[in-house]
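A structural walkthrough
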Amino acid sequence: MCVFCRIVKGEIPSYQIYEDQDFLAFLDISQATIGHTLIIPKQHFENIFVLEEDLAGKLMEVVLKISKKLKEALGIEAMNLLNNNGELAGQSVNHFHIHLIPRYENDGLLLKFSTNQLSNEEFQNLLEKIRL
Ligand code: AMP
Ligand code: ZN
């Protein structure tokens, strides 16, 4: 059983800040910044590609609720939402989760996007592949 399923079952302790029928939110054990929180569905889904749609909708409501609580309680004005899917994306626990990472002046956290220069043709080709 995965580590987050064990947290849901109460087999591993966690600092829980929210629980309802479907979701659990608890403090990340390695606080990237103070207040770094994880939200997980109680049911085990490996990643976003297999997450149940109904649940995904409800999940966003929980994300909003907890974001507002963190903003108020920690006095923050900035926060990153992060969700890693797959090893290449940095997922280390294979139970879907969303990171809520409060941001502070000089908090030292580096999230840096690289840039790729695409030609118009490359953008067009890409669009043709992925447009829904
Ligand atoms: P990710 O790299 O996106 O899969 O994130 C997994 C996160 O889970 C990491 O930030 C870990 O610090 C966190 N984590 C792992 N085990 C625990 C645990 N027992 N309690 C709380 N957070 C954990
Ligand atoms: Zn699990």
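Refer to the preceding data block for the structure.
Remember, predicted model here, so these are calculated numbers, not experimental data.

1. Side note on the packing of aromatic side chains
Following the criterion strictly, the structure yields 1 aromatic pair and no others. A centroid spacing of 5.4 Å and a plane angle of 75 degrees characterise the contact between Phe4 and Phe26, whose relative ring orientation is edge-to-face. Of this pair, Phe4 sits in helix H1 (residues 3-9) while Phe26 sits in strand E2 (residues 23-27), and the two are 22 residues apart along the sequence. Residue class for Phe26 comes out buried when judged on its relative accessible area of 3%.

2. Overview of the coordination of the zinc ion (ligand 2)
With distances of 2.0 to 2.3 Å, the protein atoms coordinating the zinc ion (ligand 2) are Cys2 (SG), Cys5 (SG), His44 (ND1) and His95 (ND1). In this structure, the zinc ion (ligand 2) is surrounded by 4 donor atoms whose angles at the metal cover 102 to 120 degrees, and the resulting shape is tetrahedral. Here the donor residues of the zinc ion (ligand 2) are spaced in sequence according to C-x2-C-x38-H-x50-H. Of this pair, Cys2 sits in the segment before H1 while His44 sits in the loop between strand E3 (37-41) and helix H2 (53-74), placing them 42 residues apart in sequence. Since its relative accessible area comes to 19%, Cys2 is described here as buried.

3. Let's talk about the site of ligand 1
Within the structure, ligand 1 sits among 16 residues, and Asp28, Ser30, Asn84, Ser92 and His97 are positioned closest to it. Contact between ligand 1 and Gly90: an oxygen atom at 2.9 Å from a main-chain N or O atom of the residue. Contact between ligand 1 and Ser92: an oxygen atom at 2.6 Å from a main-chain N or O atom of the residue. For ligand 1, the accessible surface in isolation is 500 Å², of which the surrounding protein chains cover 83%. Of all elements in the fold, only H1 and E2 reach the threshold of two or more residues within the shell around ligand 1. Among the elements that make up the shell around ligand 1, the one with the highest residue count is H1 (3 residues). Considering only residue class, the shell around ligand 1 consists of 8 nonpolar, 7 polar and 1 charged.

4. A word on H2
In this model H2 runs 31 Å from its N-terminal to its C-terminal C-alpha over 22 residues, within 8% of the 32 Å that 1.5 Å per residue would give. Buried residues of H2: Leu55, Leu59, Val62, Val63, Ile66, Ser67 and Leu70, and no others. The buried residues of H2 occupy one face: seen down the axis, they fall within an arc of 145 degrees. Exposed side of H2, more than 90 degrees from the buried face: Asp54, Glu61, Lys68 and Glu72 are the residues found there. Buried residues belonging to H2 abut strand E1 (16-19), E2, E3, strand E4 (78-82) and strand E5 (98-103).

About the thresholds
- Residues numbered from 1 in each chain as written.
- Chains lettered and ligands numbered in written order.
- Predicted model: local features only at pLDDT ≥ 70, side-chain atom pairs only at ≥ 80, totals over all residues.
- Heavy atoms only, no water.
- Phe/Tyr/Trp six-rings, centres within 6.5 Å; stacked < 30°, edge-to-face > 60°.
- Helix = DSSP H or I, 4+ residues; strand = E, 2+ residues; numbered from the N terminus.
- Buried < 20%, exposed > 50% of the residue type's maximum accessible area, 1.4 Å probe, protein only.
- Donors = N, O, S within 2.8 Å, 3.2 Å for Na, K, Ca; no water.
- Tetrahedral: all angles 85-135°; square planar, octahedral: opposite > 155°, others 65-115°.
- Near = heavy atom within 4 Å.
- Polar contact = N/O pair within 3.5 Å; in protein donor to acceptor, adjacent residues only side chain to side chain.
- Areas by Shrake-Rupley, 256 points an atom, 1.4 Å probe, with all protein chains shown as cover.
- Nonpolar A, V, L, I, M, F, W, Y, C, P; charged D, E, K, R; others polar.
- Expected span 1.5 Å × (residues − 1).
- Arc of directions from axis to C-beta.
- Contact = heavy atoms within 4.5 Å.

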